[in-house]
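# Coordinate inspection notes
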Amino acid sequence: MMLTALGLMSGTSLDGVDVALIETDGKQVKAFGPTGYRPYSPAERNLLRQALSEAVHLSQRDARPGILAEAERVVTRAHAEAVATFVAQNRMRPEDIDIVGFHGQTVLHRPEKRLTVQIGDGPALAKAIHIPVVHDFRAADVEAGGQGAPFVPVYHRALANSLEREGPIVVVNIGGVSNITYIDGNDTLIACDTGPGNALLDDFMYRTMNQAFDAEGKFAALGKADEAWIARALELPFFAAPPPKSLDRNDFAALKLGDMPPADGAATLTAFTAAAIARVIPLLPRRPRSWVVCGGGARNLTMLRMLRERVGSAYVEAAETLGWASDAIEAQAFGFLAARGLRGLPLSYPATTGVPMPMTGGVIARP
Ligand SMILES: Nc1ncnc2c1ncn2[C@@H]1O[C@H](COP(=O)(O)OP(=O)(O)OP(=O)(O)O)[C@@H](O)[C@H]1O
Ligand SMILES: CC(=O)N[C@H]1[C@@H]2OC[C@@H](O2)[C@@H](O)[C@@H]1O[C@H](C)C(=O)O
């Protein structure tokens, strides 16, 4: 049976809530519906940044000390507003939507301690929007010893199934952190985080240029990357470790650039993201022939150029050019995962998160 599933994603870039509707049975996507976006205000974004700093002290996933309780209320309210606006704009009623997939906002990710924390109150959201909500997608996986991320690979596979491209295909998401899904025919699905996405670059642009991000990569295009710095950074043990593996948004925040002009700094961090993505190639069973790039980083033309330079003769294209709604993919994925969770289908696998066996997940909250 097909479900009308609404996915809600608030990613590590802390920019806002992405909303996307799909028709799915949890295996295939029958139709793509409209999408929406509810940005965080500067004050909300600041609060989330503080919540991330405070969350480093957490040792329990449901504890909300200090500012985290307020941050959770803000996240829940922003999602409720995002759904209300989406429903009104598309002239829908809550009963037209069968299920909502609510990722929440990750504030801490420490899989080695079996701890991953997403704030956002599922039961409160279900009551506010009058629609059943599946939430807490990552909990069961980390509890079972998995990485708890990435979770979009099953959705990337569903999208790639109808793609006529030479395999192996890699779908790369360049969000705050970058992650890849490696697809080789029907049987091979491998995934991992690869390293930084835009988070280091965004933080740098904010500090040095008072800008939220490097639009289209124009600033980095003016600079020269410090290849020696990148080579040293890539010596961190994370990059040589085989998949599956995952990261916290701030895992590389301690890396400091040397003294260099700001444009060179932006070029270096952009090239570092591209080089870290390409560093996964020798860790995969076969060399990928086709790369599909999604997430906000796909709009960064310097990032795309630098990735092309590092993947040899493979074909690199932005997801948007394939007709995929690049910015909505993660939201669509959490609608898809909600449908899978309802059906008891696996959300994660040994080769995507390192969980001992294929694992379903998500917790349902009814209005
Ligand atoms: N026009 C643009 N030019 C360059 N970069 C852009 C552009 N638009 C967005 N970005 C980058 O993409 C980022 C947002 O990406 P995205 O929405 O995919 O992240 P996210 O979903 O929050 O993160 P994650 O996938 O890690 O959870 C912005 O912070 C910015 O760095
Ligand atoms: C713990 C967490 O929220 N991780 C995010 C983050 O952002 C990108 C990358 O790191 C990915 O592993 C994951 O998000 C996507 C949606 C995922 O689970 O596939």
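Residues numbered from 1 in each chain as written. Chains lettered and ligands numbered in written order. Predicted model: local features only at pLDDT ≥ 70, side-chain atom pairs only at ≥ 80, totals over all residues. Heavy atoms only, no water.

### Considering the overall build of the protein chain
Just so we agree on the cut-off: Here a strand is any run of E in DSSP of at least two residues, a helix any run of H or I of at least four, and the numbering for each starts at the N terminus. Each radius of gyration is computed over the set of C-alpha atoms, and the globule rule expresses the reference value as 2.2 Å times the number of residues to the power 0.38. Accessible area is worked out with a 1.4 Å probe on protein chains only. A residue is then buried under 20% of its type maximum, exposed over 50%, and partly exposed in between. Any two residues whose heavy atoms approach within 4.5 Å at even a single point are treated as in contact.
What the protein chain contains, in helices and strands, is 13 helices and twelve strands. Computed over C-alpha atoms, the radius of gyration of the protein chain comes to 19 Å, within 12% of the 21 Å expected from 2.2 N^0.38 for 367 residues, which places it in the range of a compact globule. Dimensions of the protein chain, computed from the C-alpha atoms along their principal axes, are close to 55 × 45 × 40 Å. Burial status across the protein chain gives 56% buried among its 367 residues. Intrachain contacts of the protein chain at a sequence separation of at least 6 include 70% that bridge at least 24 residues.

### Digging into the sheet that holds strand 7 (residues 169–174)
Just so we agree on the cut-off: Strand pairing is defined by DSSP finding a minimum of two bridges between the two strands. Interaxial angles span 0 to 180 degrees and are taken between N-to-C directions of axes, which are lines fitted to C-alpha atoms, for helices over the stretch in contact.
As summarised here, the arrangement of the five strands in space is 9-8-7-10-11, forming an open sheet in which the pairing is mixed. Each having just a single partner strand, strand 9 (188–196) and strand 11 (315–318) make up the two edges of the open sheet. Each strand axis lies, on average, 20 degrees off the axis of its neighbour in the sheet, ignoring direction. As judged from the five bridges shared by strand 7 and strand 10 (residues 290–294), these two strands associate in the parallel manner.

### Comments concerning the environment of Pro111
Along the polypeptide, Pro111 turns up in the loop between strand 4 (99–110) and strand 5 (115–119). C-alpha of Pro111 to C-alpha of Glu330: the two residues are 219 residues apart in sequence and 21 Å apart in space. Ignoring anything within four residues of it in the chain, the contact list for Pro111 reads Val142, Gly146, Gln147 and Ser246.

### Some thoughts on the site of ligand 2
Quick note on the threshold: Note on definitions. A residue lies near a molecule or strand when any single heavy atom of the residue is within 4 Å of it. Think of a polar contact as two N or O atoms within 3.5 Å of one another; within protein, one of them needs to be a possible hydrogen donor and the other a possible acceptor, and neighboring residues in sequence only count if both atoms come from side chains. In these tables, accessible area is a Shrake-Rupley quantity obtained with a 1.4 Å probe, and a residue counts as shielded only by the protein chains included in the view. All amino acids are sorted into three groups, where Ala, Val, Leu, Ile, Met, Phe, Trp, Tyr, Cys and Pro are nonpolar, Asp, Glu, Lys and Arg are charged, and the leftover types, Gly among them, are polar.
What surrounds ligand 2 is a group of 15 residues, the closest being Thr106, Arg138, Phe151, Val152 and Asp193. At 2.9 Å from an oxygen atom of ligand 2 is found a main-chain nitrogen or oxygen belonging to Val152. Contacts to ligand 2 include Asp193, whose side-chain N or O atom sits 2.7 Å from an oxygen atom. With the chains in place, 98% of the 430 Å² that ligand 2 exposes on its own is no longer accessible. Elements with a minimum of two residues in the shell around ligand 2: strand 4, strand 8 (177–184) and helix 12 (329–343). Considering each element in turn, the shell around ligand 2 owes the most residues, three residues, to strand 4. The residue makeup of the shell around ligand 2, split by class, is seven nonpolar, five polar and three charged.

### Here's the deal with the domain arrangement of the protein chain
Note the threshold: For the purposes of this description, domain bounds are those given by an automatic or database domain assignment. As used here, buried area is the combined drop in accessible area, with a 1.4 Å probe, of two parts when they are placed together. Between Lys or Arg on one side and Asp or Glu on the other, a salt bridge is scored when a side-chain nitrogen of the former is within 4 Å of a carboxyl oxygen of the latter.
What the domain assignment reports for the protein chain is domain 1 (3–149 + 328–365) and domain 2 (153–322). Spacing between the C-alpha centres of domain 1 and domain 2 amounts to 23 Å. At the junction of the two partners, domain 1 supplies 30 residues and domain 2 supplies 26 residues. For the pair domain 1 and domain 2, the two sides together bury roughly 2000 Å², of which 58% comes from carbon and sulfur. The largest contributions to the domain 1 side of the interface with domain 2 come from Thr12, Ile329 and Thr352, which together make up 26% of the buried area. Taken together, domain 1 and domain 2 are joined by two salt bridges. On inspection of domain 1 and its partner domain 2, the count reaches eleven residue pairs in polar contact (both at pLDDT 80 or more). Breaking the side of domain 1 that touches domain 2 down by element, the ones donating at least two residues are strand 3 (29–39), helix 1 (42–55), strand 4, helix 12 and helix 13 (350–353). For the side of domain 1 that touches domain 2, the leading source of residues is helix 12, giving seven residues. Of the residues that constitute the side of domain 1 that touches domain 2, the class distribution is 17 nonpolar, eight polar and five charged.

### Points about the environment of Asp214
By secondary structure assignment, the location of Asp214 is in the loop between helix 6 (199–209) and helix 7 (218–221). Of the residues examined, Asp214 reaches a relative accessible area of 5% and is grouped as buried. A sequence separation of 56 residues divides Asp214 from Thr270, and the C-alpha atoms of the two residues are 9.6 Å apart. If sequence neighbours within four positions are ignored, Asp214 has contacts with Leu201, Met205, Phe219, Ala220 and Asn300. Here the side chain of Asp214 touches Phe219 through a polar contact of 2.9 Å, landing on its backbone nitrogen.

### Examining the site of ligand 1
Within the structure, ligand 1 sits among 22 residues, and Thr12, Gly176, Asp202, Glu216 and Glu330 are positioned closest to it. Between ligand 1 and Asn173 there is a distance of 3.1 Å, counted from an oxygen atom to a side-chain nitrogen or oxygen. For ligand 1, an oxygen atom lies 2.7 Å from a polar atom in the side chain of Glu330. Isolated, ligand 1 exposes 660 Å² of accessible area, and the fraction of that covered by the protein chains is 87%. Tallied by class, the residues present in the shell around ligand 1 amount to five nonpolar, eleven polar and six charged. Each of domain 1 (3–149 + 328–365) and domain 2 (153–322) gives at least three residues to the shell around ligand 1.

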